[in-house]
Amino acid sequence: MAITFDEGRKIFKLDTDETTYLIGVTPEGYVGHIYYGRKLCRPCGLQLLRTDERPFTPSVMAREKANFLDCFPMEYPTGGTGDFRESCLDVLSESGQKGCELLFRSWTVSDGKPALEGLPASFEHRADESAPSGEERLQTLTLTLADSGLGLEADLLYSVFPAENIITRSVRIRNVGTEGGKYTKSQVLRLTKVNSACIDMEEKNFDMVTLNGSWARERHIGRGRLNRGIQGVRSIRGETSHQEQPFMALATAGTDQGNGEVWAMDLVYSGNFEALAEWSQFDSVRMTLGIGGTNFEWRLQPGETFTAPEAVLTYSAAGFGRMTRQFHDFWRKHMIRSPWLHRERPILINNWEATYFDFDTEKLIGLAREAKQAGIEMLVMDDGWFGHRNNDDSSLGDWKVNENKLQGGLKHLVDEVNAIGLKFGIWFEPEMISPDSELYRAHPDWVLRTADRAPAESRQQFVLDITRKEVRDCIYDMVAAILRSANIEYVKWDMNRQLTDLGSAGLPADRQGEISHRYVLALYEMQERLVTDFPELLLENCSGGGARFDAGMLYYSPQIWCSDDTDAIERLRIQEGTEMLYPLSTMGAHVSKCPNEQVGRMSGFETRAEVALAGTFGYELDITKMDPEERSRIPGQTRKYHRFHSLIAEGDYYRVHSWNDSAPYDCWIVVSKDREQALVTFVQVLGRPNAKRYILPLCGLDPEAEYEMEDVAENAQAGVFGGDELMQCGFTVPMLGDFSSRLFYLKKK
Ligand code: DGJ
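Residues numbered from 1 in each chain as written. Predicted model: local features only at pLDDT ≥ 70, side-chain atom pairs only at ≥ 80, totals over all residues. Heavy atoms only, no water.

**So, the domain arrangement of the chain**
Here's step 1: Domains assigned within the chain are domain 1 (86–334), domain 2 (348–650) and domain 3 (654–748).
Here's step 2: For domain 1 and domain 3, the distance between their C-alpha centroids amounts to 38 Å.
Here's step 3: Residue-level contacts link five residues of domain 1 with four residues of domain 3.
Here's step 4: Taking both sides of the interface into account, the surface hidden between domain 1 and domain 3 amounts to around 390 Å²; carbon and sulfur atoms contribute 39%.
Here's step 5: Its largest share of buried area at the contact with domain 3, domain 1 owes to I221, Q257 and R325, together 76% of the area lost on that side. (Domains from an automatic or database assignment. Contact = heavy atoms within 4.5 Å. Buried area = accessible area lost by both parts, 1.4 Å probe.)

**Topic: the packing of aromatic side chains**
Here's step 1: For the structure shown, the criterion picks out 38 aromatic pairs.
Here's step 2: Ring plane angle 55° and centroid distance 4.7 Å describe the contact between F5 and W107, whose orientation is recorded as tilted. In this pair, F5 is assigned in strand β1 (residues 3–6) and W107 in strand β6 (residues 103–111), connecting sequence segments 102 residues apart.
Here's step 3: A relative accessible area of 34% places W107 in the partly exposed class.
Here's step 4: A ring pair is formed by F327 and W331, whose centres lie 5.7 Å apart and whose planes are at 0°; its orientation type is stacked. Pair noted here: F327 and W331 are both in helix α2 (residues 319–334), with a separation of four residues, about one helical turn. The same class applies to F327 as to W331, namely buried.
Here's step 5: Through a chain of ring-to-ring contacts, three or more aromatic side chains come together here, namely Y21, Y36, Y158, F206, W263 and Y315.
Here's step 6: Sitting over the ring of Y555, R337 keeps its end group 3.6 Å from the ring centre.
Here's step 7: A cation over a ring is seen here: R573 above W659, with NZ or CZ 4.0 Å from the ring centre. (Phe/Tyr/Trp six-rings, centres within 6.5 Å; stacked < 30°, edge-to-face > 60°. Helix = DSSP H or I, 4+ residues; strand = E, 2+ residues; numbered from the N terminus. Buried < 20%, exposed > 50% of the residue type's maximum accessible area, 1.4 Å probe, protein only. Lys NZ or Arg CZ within 6 Å of the ring centre and 35° of its normal.)

**Focus: the sheet that holds strand β22 (residues 378–381)**
Here's step 1: The sheet built from nine strands is open, its strands ordered β29-β28-β27-β26-β23-β22-β21-β31-β30 with parallel pairing. Strand pairing shows two members of the sheet lacking a second neighbour, β29 (587–588) and β30 (591–592), which therefore form its edges. (Pairing = 2+ DSSP bridges.)

**Quick word on the side chain of E164**
Here's step 1: Considering the arrangement of structural elements, one finds E164 in the loop between β8 (152–161) and β9 (166–175).
Here's step 2: Among buried charged residues, E164 stands out as having no salt bridge; its nearest opposite-charge side chain is K333, 4.1 Å away.
Here's step 3: Filtering out sequence-adjacent residues up to four positions away, E164 remains in contact with T314, Q326, D329, F330, K333 and H334. (Lys, Arg positive; Asp, Glu negative; His and termini not counted. Salt bridge = Lys/Arg side-chain N within 4 Å of Asp/Glu carboxyl O.)

**Let's talk about the environment of V683**
Here's step 1: Mapped onto the fold, V683 is located in strand β34 (residues 677–684).
Here's step 2: Its relative accessible area of 0% is what places V683 among the buried residues.
Here's step 3: Each C-alpha atom of the pair V683 and I569 lies 8.7 Å from the other, and the pair is 114 residues apart in sequence.
Here's step 4: When neighbours within four sequence positions are excluded, V683 is seen to be in contact with I569, L572, T607, V611, Y665, D666, W668, S740 and S741.

**Points about the site of the ligand**
Here's step 1: The immediate surroundings of the ligand are formed by 13 residues, with D382, D383, K492, D494 and D564 found nearest.
Here's step 2: Here D382 contributes a side-chain N or O atom positioned 2.7 Å from an oxygen atom of the ligand.
Here's step 3: Between the ligand and the protein, one listed contact pairs an oxygen atom with a side-chain N or O atom of R459 at 2.9 Å.
Here's step 4: Protein contacts shield 98% of the accessible area of the ligand, which totals 300 Å² for the unbound molecule.
Here's step 5: Its residues placed into classes, the shell around the ligand shows four nonpolar, three polar and six charged. (Near = heavy atom within 4 Å. Polar contact = N/O pair within 3.5 Å; in protein donor to acceptor, adjacent residues only side chain to side chain. Areas by Shrake-Rupley, 256 points an atom, 1.4 Å probe, with all protein chains shown as cover. Nonpolar A, V, L, I, M, F, W, Y, C, P; charged D, E, K, R; others polar.)

**Things to note about the environment of F644**
Here's step 1: As for its placement among the helices and strands, F644 is situated in helix α12 (residues 628–650).
Here's step 2: In the structure, F644 is positioned 229 residues away from D415 in sequence and 31 Å away in space, judged by C-alpha atoms.
Here's step 3: Among all residues touching F644, those that are not within four sequence positions of it are L679, V712, L743 and Y745.

**Observations regarding the packing of helix α11 (residues 605–612) against α12**
Here's step 1: The contact between α11 and α12 brings their axes to 10 Å, and the two run at 25°. Between α11 and α12, the interaxial angle falls into the category roughly parallel. Note that α11 runs across α12; the crossing there is right-handed. Contacts between α11 and α12 involve F605, E606, R608, A609 and E610 from the former and E630, R633, I634, Q637 and K640 from the latter. (Axes fitted to C-alpha atoms, helices over the stretch in contact; angles between N-to-C directions. Parallel < 35°, antiparallel > 145°, perpendicular 65-115°, else oblique. Left-handed = near helix turned anticlockwise from the far one by under 90°.)

**Observations regarding the pairing of β34**
Here's step 1: Of all eight residues in β34, seven are buried; the element is thus mostly enclosed.
Here's step 2: Taken together, the seven bridges between strand β33 (residues 665–671) and β34 define a ladder with antiparallel strand orientation. Across the sheet, the residue bridging to D666 is V683, located in β34.
Here's step 3: Pairing geometry for β34 and strand β39 (residues 740–748), over eight bridges, is antiparallel. By the bridge assignment, L679 is partnered in β39 with Y745.

**A few points about the nonpolar core**
Here's step 1: Within the largest apolar cluster, 196 residues are counted, with the highest numbers of intra-cluster contacts made by W331, W385 and I426.
Here's step 2: Among the nonpolar cores identified, the runner-up in size contains 24 residues, and V656, Y665, Y707 and F744 belong to it. (Core = buried A, V, L, I, M, F, W, Y, C linked by side-chain atoms within 4.5 Å.)

**Digging into the pattern of salt bridges**
Here's step 1: Counted by the stated rule, this structure contains 67 salt bridges.
Here's step 2: The partner of D436 in a salt bridge is R441, and the shortest N-O contact between them spans 3.2 Å.
Here's step 3: By relative accessible area, which is 52% here, R441 ends up exposed.
Here's step 4: We note a salt bridge from R529 to D473, for which the minimum N-O separation is 3.1 Å. Placement of R529 in helix α8 (residues 515–533) and of D473 in helix α7 (residues 469–484) is noted, with a sequence separation of 56 residues between them.

In structure tokens:
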């Protein structure tokens, strides 16, 4: 049983294969967090809640209630009644007064994993997999807590995924009003913060790890000592953001890829968030994650329920590497629904860096012809095919084909591309509107704007108020009509600015604070419609590069454009951070031209391909104008993709060395689940004078097996090695020059 309840001691025990999570209920009904970590055979007692220490629980000494609340390790802390640390739930009553105190009422354990209304959420099994039965079924614990003064109930939901060592959490807040006569009041409740998860722990000399960046520098790994007080990351940009990721890990000092303890949380959400860690006065550390309290408000009428997004928690006693693989397995098995998950993705050529806005039918067909010769399988037509858009200053919202550019129309182009033997994909930016567009001229009130000032432009565009049903329906219908008009098999859904001017003409004054969350719900509704109406569509999410690379988006799309930075060396850091949480099969990665468009760097053509092979793989350059030597290499690269893709997409990923950690090179290995084969990617960032060859110890192999090693570039045997030798001692890597790479393929003998 994954979930057990010790009735006598009032302790809930949630077990995965390698972890235990303990929740205790005090005699007064306070729900406390006892433990999360390495698996325990027997639960520890309530003494870890320190209720036998001063300040005593209110039933022992009522006058100490506020002091008690301020140090008790709360499972789901609330604000305003005495706990001065970071709260998860803040509520204002109709009187405008703040305060909430949740006490235990009841619990249930059910089989399976409930869906979360309107939100992406993990599931027990994919539609194309058989349903587990009996002992194999997942279990979900629901703890119901209540504040009888407010007439509020909170369901704390915990689902246990034993094999992946994951526990998911979510929260449903109900305004129960006078329902069933249980509560005396019926009032509107204003929720001003509803976070999804909290863990209260003893301080353990923690490092805090987050993923930080900017446009073209997304998700660099950030690590630093946790200090007293509050530290954390957040987005109030209305989307996940280039700047921060809704993720935080606390790790014991010195933790590396293979050693040390890690507690990590990631939020399944694509909007504002806060991930905070608070080291407080009595040396406890509270880690919270959720949509946070900035730019958030929700009016809950009697009888209504608010559901908070899902937080995904994992613990590793074997360093960051184990954390990573637990997350990867979880997203692949329990979050990504697309039928494309386990399929080989078509190798695409995207015309963005090849042509920008300067293309027409003839140019695209030329690209397709040349691409077909090289083994590429899909042409993606990026921004600029609609309205009168020839640069980024117009036409968003006018999703009608520009027939001056696409002479003969879209269907003609798609048919021609298909006849050449390529699939066809298309770019949209459905959430946006240009001031210079027919749509804006017809509906100036359809943008997010406040009554007090003109909305701010960014990339010469405004944000559509998709919280209004008529707006999202109108956009969706235009997008769907385009998709139905031709054989379009892939969509890149882009979003190129952040949310400002949070005002909606569709909401009353007292609901304007709900816009940020309603926006994300509306986005999810649109994407749900899209994947339901077009179930075979390969959807790639994107946001000005990688500003919406998050678990919420993975529920709709099996791949996400990782960054607008296509330079192979810059990508090392970006992809290392992304891979720390998300499977390689989800990372949009392309080979582009040199000098690189973002940094002007010259790197080898093979290096660019071998770095992009770690993701979904494709090209983003003008293949009709390439250097012939480089062009001649593409067929070999596409063959490599077919040879290694399923290993890369389905295998276990191990980070061997990190340029980010100041090694002069980067190295990672992907090992098949059965450890029969593996692929090592080595990238020399800068060459070194007068240096000896590196000896690289590998990871993840079968120590008892022998492996044949192939140097893929040379297409030659590089020796036979024991798995233990490769892991304990390593193998010598040839000396390479600046920005060069090598692949080594290992096959069990
Ligand atoms: C941002 C994306 O990340 C790029 O790949 C490209 O699609 C542009 N937008 C187009 O405007």
